[in-house]
Amino acid sequence: MMKLIKNIIITLFLSILISVEYLDVVELNDGTVIKGTIMETKPNEYIKIKSGDNIFVYQMNQINLIKKEEIKGYKYQDPNSSRYFFAPSATPIGKENSYIRTTWLFIPSYGWGFSGNISAEIGMSVFPGGGIQDQLKIFSFKYSSTDIDKKWQSSYGMLYLGQIEGGVGFIFSSFTSGDDDKNFSISPGLGYFRNENEFNFAENLTLVLSFKNRVSNSLSLITENWILLNSDQTVVISNSGFRFFSRRLSVDFSWPFFMSSEGSGIGFPLFTFSYKI
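Being a predicted model, the structure only gives us computed values, none of them experimental.

Enquirer: Would you explain unusual backbone geometry in this entry?
Expert: When glycine is set aside, most residues are seen to have a negative phi, and most peptide bonds are trans. Look at W104: it is not a glycine, yet its phi comes out positive at around 60°. Its place among the elements puts W104 in the loop between β6 (98–103) and β7 (107–113). By relative accessible area, which is 31% here, W104 ends up partly exposed. Its identity is not glycine, yet E196 carries a phi of approximately 55°, on the positive side. Position of E196 relative to the elements: it lies in the loop between β12 (182–195) and β13 (198–201).

What follows is the structure, given as structure tokens:
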């Protein structure tokens, strides 16, 4: 089983990294060049090509050459740009956009955008051997504002993880500067514990500093650093890694480590698969 999962992961990585996309190029007898996607071809009669929002039909006797041309530059945006690994960015999911996600293969979830600014995500773990009542339930909500001075964008939201009776959560705001390919986020928040109708909030804020840099068409470097402030000691959880992605699929891999005045340690590696619907 583990060998099969390993082979699937390797295949996904390779398919994303080596994927190449092309444009259809039609050169007419008068020298005009049209680039787009050929939608229909009738041998020896005509072709139909879509270029931008326009659709053109040309007879074969009008055409000098038809060829393929590799698309230069970035061919698509990061389909998972609304978050880093766990930490949110201020980037919205977008109206009517949705995605399915699974973390460690055992925590699937579904996220969707109600509007251009409002989004939510729900999920439940599927750990073997546990009933529905024993599984972790996940819910998050985020509101993203418009750009501030065309440099910063802000968002506000919450995350809950636990059972129906109780669990833990995080209320946050995020301030993001940059674009989908390279950005930096500052996310102050407050953790809380819930026991049925009782809520106990942390005495001190948690600060999350996140950064993403796209280095190729299908690869971004990501780091998010959780700084847990308290009166006794400050704990830093640094989680850094990679995001491999195509037009709709993204695969995250990161390895967190912990630092405090009492020592340091290495956490369990994170694998997340997301698919934009």
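Enquirer: I would appreciate a short explanation of the side chain of T102 in the present structure.
Expert: Within the element layout of this structure, T102 appears in strand β6. Of the residues examined, T102 reaches a relative accessible area of 17% and is grouped as buried. Leave out the neighbours within four places in its chain, and T102 touches I107, P108, F271, T272 and F273.

Enquirer: Before we go on, may I ask you to explain the layout of surface pockets in this structure?
Expert: Roughly 1,300 Å³ of volume is contained in the largest pocket. Lining the largest pocket we find 47 residues, and of these F86, L159, L161, F170 and W226 sit closest to its centre. Looking at the lining of the largest pocket residue by residue, the classes come out as 30 nonpolar, 12 polar and five charged.

Enquirer: Looking at this structure, I do not really get the nonpolar core. What am I missing?
Expert: Grouped burial of nonpolar side chains is what soluble globular proteins tend to show. Core analysis: the biggest nonpolar cluster contains nine residues, these being Y84, F85, A87, F170, F172, V208, I222, W226 and L270. Every element with two or more residues in this core is listed here: β11 (166–178) and β15 (219–228). When residues no more than four places from it in sequence are discounted, the contact partners of V208 are A87, S185, I186, S187, N225 and W226. Of all hydrophobic cores here, the second largest spans seven residues; its members include V26, L28, I49 and I63.

Enquirer: Sorry, what's going on with the sheet that holds strand β3 (residues 46–51) here?
Expert: Sheet strands pair via backbone hydrogen bonds, and the direction of the pair is either parallel or antiparallel. As summarised here, the arrangement of the five strands in space is β4-β3-β2-β1-β5, forming an open sheet in which the pairing is antiparallel. For this open sheet the edge positions go to β4 (54–59) and β5 (63–70), each flanked by a neighbour on one side alone. Going from strand to strand, the sheet's axes swing by 45° on average, the running direction of each strand aside. The pairing of strand β1 (residues 22–28) with β5 spans seven bridges and is classified as antiparallel. Looking at β5, one finds that V25 is bridged to K67.

Enquirer: What is the right way to look at the environment of S145 in this model?
Expert: With respect to the helices and strands, S145 occurs in strand β9 (residues 137–148). According to the relative accessible area criterion, S145 is buried, its value standing at 14%. Taking C-alpha positions, S145 is 8.4 Å from Y156, a pair spaced 11 residues apart along the chain. What S145 contacts, discounting residues up to four positions off in sequence, is N117, Q153 and S154. Within the local environment of S145, its side chain forms a polar contact with the side chain of S154, the two groups lying 2.5 Å apart.

Calculation criteria
- For every chain, the first residue of the written sequence is number 1, and numbering continues from 1 onward in sequence order.
- Only residues with pLDDT of at least 70 get local features here, since the model is predicted, and only at 80 or more are side-chain atom pairs given and counted; chain-wide, interface and lining totals rely on the full set of residues.
- Processing note: side-chain calculations cover all non-hydrogen atoms of the structure and skip hydrogens and water entirely.
- Where helices and strands are cited, they refer to DSSP runs of H or I of at least four residues and of E of at least two residues respectively, numbered from the N terminus.
- Each residue gets one of three labels from its accessible area relative to the maximum for its type: buried under 20%, exposed over 50%, partly exposed in between, using a 1.4 Å probe on protein chains only.
- Here a residue-residue contact requires only that any non-hydrogen atoms of the pair lie within 4.5 Å.
- The method works on a 1 Å grid over the protein atoms by themselves. A cavity is a set of points holding a 1.4 Å probe that cannot get out, a pocket is an open set with protein on both sides within 12 Å along at least five of seven lines, and residues with an atom within 4 Å of a point line them.
- Grid points are joined across faces, edges and corners, and a volume is the space filled by probe spheres set on the points.
- Three classes are used, and their members are as follows: Ala, Val, Leu, Ile, Met, Phe, Trp, Tyr, Cys and Pro are nonpolar, Asp, Glu, Lys and Arg are charged, and the others, Gly among them, are polar.
- We define the nonpolar core as a collection of buried residues of types Ala, Val, Leu, Ile, Met, Phe, Trp, Tyr and Cys that are connected through side-chain atoms lying within 4.5 Å of one another.
- Here, any two strands with at least 2 DSSP bridges between them count as paired.
- Every axis in this analysis is a line fitted to C-alpha atoms, fitted for helices over the stretch in contact. Angles between the N-to-C directions lie between 0 and 180 degrees.
- A 3.5 Å cut-off defines polar contacts: any pair of N or O atoms within that distance qualifies, except that in protein one atom must be a possible hydrogen donor and the other a possible acceptor, and neighbouring residues in sequence count only when both atoms are side-chain atoms.

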